[in-house]
Amino acid sequence: MTKYIREFRTALVATLVLAVLVCGVYPMLVFGLAQGLFPENANGSILINNGKVMGSSLIGQEFSGPQYFHPRPSAAGAGYDPLRSGGSNLGPLSKKLIGTIRQRAIHYRMENDLNPDVKIPADAVTASASGLDPHISPENALLQAPRVAKARGRSEEAVRMAIAAHTKGRDLGVFGEPRINIVMLNFDLDRSR
Amino acid sequence: MSIFHSPFGWIQLVLFTGILLVLTKPMGVYLTRVLDPKGKTFLDPVLRPVEKLLYRIFGVNPESEQAWQGYTMSLLIFSLIGFVMTYGILRLQHLFPLNPQGLGPLSEHLAFNTAVSFTTNTNWQSYGGESTMSYLSQMVGLSFHNFASSAVGIAVVGALVRGIARHTAKTIGNFWVDIVRIHLYLLIPFCLVYAVFLTSQGVIQNFNPYVTARLVEPAAIETVKRDVPGEGIMERKVEEVSIPQGPVASQEAIKILGTNGGGFLNANSSHPFENPTPLSNFIQILSIFLIPAGLTYHLGRMVKDQGHGWTVLSTMFVLFLAAFLICWWAESAGNPRLHEIGIDPALGNMEGKEVRFGVFNSALYAVVTTVASCGAVNSMHDSFTPLGGMIPLMNIQLGEVIFGGVGAGLYGMLVFVVITVFIAGLMIGRTPEYLGKKIEAYDVKVSVLFLMVPVLTILGLTAWAAVSTWGTISLNNSGPHGMSEMLYAFSSGAGNNGSAFAGLNADTPWYNTLLACAMLLGRFFMIVPVLALAGNMVQKKRAAGGGVSFPVSGLMFASLLAGVILIVGALTFFPVLSLGPIVEHMLMLKSGSLF
């Protein structure tokens with residue numbers, strides 16, 4: 001019996017001491033290093049304009065006006081709600097999924113004035129995993145360029161150049177996919193107005 | 001688009017496997033030093049005094065070792081106390097500091113489920129982190145187990161390997177020494193460097209309240225007004241959003257390295273704050289496999305048969321590669337129902353995937369996280385194509401022995417090794433021997449017990465859910481996909497994986513309680529047989545002269561081992577898989593039906 005009591009005591013002390021190490025010392029060390037080395041990242045890559053918080057460069061936002069590039073559909077809450085991150089979790093044969101995507105495709109063709117034979121990039125009509133994806137594919141951006149140019153009264157060439165400037169290639173030339181951060185792109189377009 | 005037209009996918013695959021294989025040996029050598037109480041590491045000058053101090057505070061004599069019963073007892077008591085602590089914190093989080101959002105306590109069944117989930121290294125999440133957990137709950141209640149449960153897994157495999165390597169002995173190590181050394185020399189220093197790297201990519205680490213941002217364009221959102229019946233849909237303008245913050249990086253590092261998988265935020269590693277860039281993603285995938293791969297080298301070194309270690313690794317590797325290629329192929333091919341309505345097939349199946357990762361990195365993450373019992377996700381498995389989603393499900397059901405969770409993977413694999421040696425012995429009509437030790441009835445009995453626990457748990461509970469209202473009312477999808485959602489949940493629970501077909505609403509008393517039971521069975525009813533096996537192996541004599549044992553390295557053994565794993569898994573789970581993903585795949589190709 002005393003053996004068990006001893007074991008309990010050891011386990012209790014071990015739990016408390018290890019908790020101090022891995023739940024106190026360790027995260028505070030990371031906190032110190034992160035705030036010292038990469039303060040902007042560690043605090044959420046927050047975008048500030050004229051003293052007002054406009055969002056984060058990592059977190060997608062809803063843009064619906066014709067003068068903006070539109071993000072991917074989002075299943076986070078009612079759409080791009082950072083408190084409700086997540087995907088639609090609808091299976092490939094879901095009536096709801098196929099029906100919704102059909103509607104989005106019709107809408108996308110209409111607002112961008114596309115012929116019925118133009119294939120729509122998959123990212124433009126599917127919801128992302130996080131619901132907060134800040135990126136769209138280059139194909140998606142190029143199809144939206146004429147609409148944005150028209151709404152802003154600027155040449156398509158100028159808008160295409162803005163897209164090119166915001167196109168990020170694969171990391172180290174290899175990893176991931178080419179992408180465009182539309183939060184940054186839209187903010188830049190507004191700024192150069 | 002076909003995987004053959006994706007050169008960058010193949011380059012990334014070659015880089016991934018190449019770097020992993022190069023790191024296996026150094027990691028294995030380091031692990032051997034960590035698991036040897038007298039082993040020397042480069043951190044000794046700083047940490048040796050801390051280690052000695054900890055033994056003194058714990059009241060543990062590092063020189064004395066335990067028999068398997070004592071080792072098991074220490075492990076169970078340590079896990080129990082951690083569980084109680086976490087349950088308490090989750091139920092009382094509103095009374096503790098570091099809760100800037102003023103989040104309330106968790107319900108009894110959710111707190112029970114979550115505490116079990118983290119104690120068992122499962123990290124199944126019936127909750128969304130950003131809307132449920134205070135910073136203290138995350139940092140202490142959950143993160144403690146991210147360290148402790150992975151240390152326990154590594155300790156168990158360390159003990160089993162000692163049991164195999166030693167002969168005519170009684171003890172298999174000292175649990176407290178293993179736990180302390182794994183924390184000090186492996187998990188904490190590795191995670192420290194790793195977490196800082198993650199912040200360099202954009203992962204957050206702060207204690208600020210959530211940031212309120214003004215939207216450029218107030219978004220018009222249609223909401224159903226629930227409190228006024230009959231009011232119906234109304235439009236509402238949203239002008240501000242609230243962006244979650246918190247100490248994410250420190251938790252992210254151990255979540256991945258310790259193959260825990262429980263995300264700080266609901267969307268897990270698909271969330272830009274947890275996994276912001278393809279580079280952070282690549283390192284995450286690599287580090288899920290790092291310790292499990294190194295442990296195979298540790299095995300070879302300890303039993304003085306490096307060929308055996310490499311053979312086990314090769315078997316894992318081939319099975320992993322096969323699973324990945326099928327999943328990648330299925331996701332690249334995409335959903336034909338969408339191609340019919342004018343969606344470009346070039347990007348593959350993008351529902352539930354992030355643009356920065358694309359199909360390749362999503363499929364790779366999904367396979368890596370399920371063969372290793374990690375459970376972190378960077379895409380939503382629920383929205384995978386039928387076959388693409390079946391692969392993660394099958395990986396879990398095969399027992400997560402392909403690399404596997406830290407420790408848990410290799411000890412599961414060694415049980416399969418024992419079974420394989422036994423079957424091979426029967427085939428050639430000789431007493432089966434493993435590395436010079438006779439495999440006897442007791443060893444086979446505990447090994448079969450180990451294999452039966454998850455089978456009975458997964459099939460039994462899924463069957464129960466499928467015929468009950470509590471089971472089907474939580475589904476997000478109907479038809480065969482609904483079946484897959486339930487099957488995935490119980491497989492993930494019993495397999496201590498933690499990933500999900502996340503459409504299933506698991507935060508109900510029934511699911512929370514039964515999944516917690518599945519997790520407990522899948523953890524402790526498997527660890528105890530493993531330690532019993534270690535205790536029995538350690539006392540055996542080693543046959544003199546070697547040479548007579550069945551060779552446990554080389555192509556022949558690797559094929560037998562892979563065959564046993566696949567046959568046990570396939571025979572057990574093929575019938576139920578054919579009711580879920582397989583029939584769904586047929587329907588996708590051959591009929592117009594939707595569900």
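The structure presented is a predicted model; accordingly, all values stated were derived computationally and were not measured.

Bringing the overall build of chain B into the picture now. When helices and strands are tallied, chain B shows 19 helices and four strands. Against the compact-globule benchmark of 25 Å for 595 residues, chain B has a radius of gyration of 24 Å, which places it among compact chains. Principal-axis analysis of the C-alpha atoms places the extent of chain B at approximately 85 × 60 × 45 Å. Every one of the 595 residues in chain B was classed for burial, and the buried ones make up 65%. Partitioning the intrachain contacts of chain B with sequence separation of at least 6 by distance along the chain shows that 79% fall at a separation of at least 24. In the structure as shown, chain B presents an accessible area of about 19500 Å², 68% of it carried by carbon and sulfur atoms.

Quick look at the domain arrangement of chain A now. Taken domain by domain, chain A comprises domain 1 (2-41) and domain 2 (46-191). Its C-alpha centre places domain 1 of chain A at a distance of 42 Å from the equivalent point of domain 2 of chain A.

Another aspect to go through is the packing of aromatic side chains. Residues and elements named next belong to chain B. Inspection of the entire model under this criterion finds 36 aromatic pairs over all chains. Plain terms: the ring middles of Phe-320 and Phe-403 are 6.2 Å apart, the flat faces sit at 90° to each other, and that makes the pair edge-to-face. Here the residue Phe-320 occupies a position in helix α10 (residues 306-333), and Phe-403 occupies one in the loop between α13 (386-397) and α14 (408-428), the gap between them amounting to 83 residues. Like Phe-320, the residue Phe-403 is buried in the burial classification. Judged by centre distance (5.0 Å) and plane angle (80°), the rings of Trp-328 and Phe-360 are edge-to-face. Residue Trp-328 is found in helix α10, and its partner Phe-360 is found in helix α12 (residues 358-371); the two are separated by 32 residues along the sequence.

Attention now moves to the packing of helix α3 (residues 68-91) of chain B against helix α7 (residues 175-201) of chain B. Residue and element names in this part refer to chain B. Interaxial distance between α3 and α7 falls to 9 Å at its minimum, and their mutual angle equals 55°. As the angle between them shows, α3 and α7 are arranged oblique. Judged by residue contacts, Tyr-71, Ser-74, Leu-75 and Phe-78 of α3 engage Phe-175, Trp-176, Asp-178 and Ile-179 from α7. Residues of the contact of α3 with α7, tallied by class, amount to six nonpolar, one polar and one charged.

All names here are of chain A. Spatially, β3-β5-β4 is the arrangement adopted by the three strands of the open sheet, whose pairing is antiparallel. Lying at the two open borders of the sheet, with one neighbouring strand each, are β3 (135-136) and β4 (167-168). Pairing analysis gives two bridges linking β3 to strand β5 (residues 179-181), with the strands arranged antiparallel. When the bridges of β5 are listed, His-135 appears paired with Asn-181.

The subject of this paragraph is the pattern of salt bridges. Inspection of every chain in the model, using the stated rule, returns 22 salt bridges over all chains. The shortest N-O distance in the salt bridge between Arg-152 of chain A and Asp-190 of chain A comes to 3.0 Å. Taken together, the residues Arg-152 of chain A in helix α4 (residues 138-152) and Asp-190 of chain A in helix α6 (residues 182-191) connect sequence positions 38 residues apart. Here Arg-152 of chain A matches Asp-190 of chain A in class, with each residue buried. Across the pair Arg-166 of chain B and Glu-65 of chain B runs a salt bridge, and its minimum N-O distance is 2.8 Å. Linking Arg-166 of chain B in the loop between α6 (135-165) and α7 with Glu-65 of chain B in the loop between α2 (44-58) and α3, this pair joins segments that are 101 residues apart in sequence. Among the residues examined, Arg-166 of chain B registers a relative accessible area of 26% and is labelled partly exposed. When its relative accessible area of 31% is taken as the criterion, Glu-65 of chain B is described as partly exposed. Residues participating in the shared-partner salt-bridge network are Lys-168, Asp-171 and Arg-179 of chain A.

Turning next to the side chain of Asn-477 of chain B. Its place among the elements puts Asn-477 of chain B in the loop between α16 (469-472) and α17 (480-494). Separated by 3.0 Å, the side chain of Asn-477 of chain B and the backbone oxygen of Asn-89 of chain A make a polar contact. Engagement of the side chain of Asn-477 of chain B in a polar contact is seen with the side chain of Glu-485 of chain B, the distance being 2.9 Å. Excluding its chain neighbours within four sequence positions, the residues that come into contact with Asn-477 of chain B are Asn-89, Leu-90, Gly-91 and Ser-94 of chain A together with Asp-382, Gly-482 and Glu-485 of chain B.

For the rest of this paragraph, the subject is the environment of Gly-91 of chain A. Among the secondary structure elements, Gly-91 of chain A is positioned in the loop between β2 (52-56) and α3 (95-111). For Gly-91 of chain A, a relative accessible area of 2% corresponds to the buried category.

Quick notes on the rules
- Residues numbered from 1 in each chain as written.
- Chains lettered and ligands numbered in written order.
- Predicted model: local features only at pLDDT ≥ 70, side-chain atom pairs only at ≥ 80, totals over all residues.
- Heavy atoms only, no water.
- Helix = DSSP H or I, 4+ residues; strand = E, 2+ residues; numbered from the N terminus.
- Rg over C-alpha atoms; globule rule 2.2 N^0.38 Å.
- Buried < 20%, exposed > 50% of the residue type's maximum accessible area, 1.4 Å probe, protein only.
- Contact = heavy atoms within 4.5 Å.
- Areas by Shrake-Rupley, 256 points an atom, 1.4 Å probe, with all protein chains shown as cover.
- Domains from an automatic or database assignment.
- Phe/Tyr/Trp six-rings, centres within 6.5 Å; stacked < 30°, edge-to-face > 60°.
- Axes fitted to C-alpha atoms, helices over the stretch in contact; angles between N-to-C directions.
- Parallel < 35°, antiparallel > 145°, perpendicular 65-115°, else oblique.
- Nonpolar A, V, L, I, M, F, W, Y, C, P; charged D, E, K, R; others polar.
- Pairing = 2+ DSSP bridges.
- Salt bridge = Lys/Arg side-chain N within 4 Å of Asp/Glu carboxyl O.
- Polar contact = N/O pair within 3.5 Å; in protein donor to acceptor, adjacent residues only side chain to side chain.

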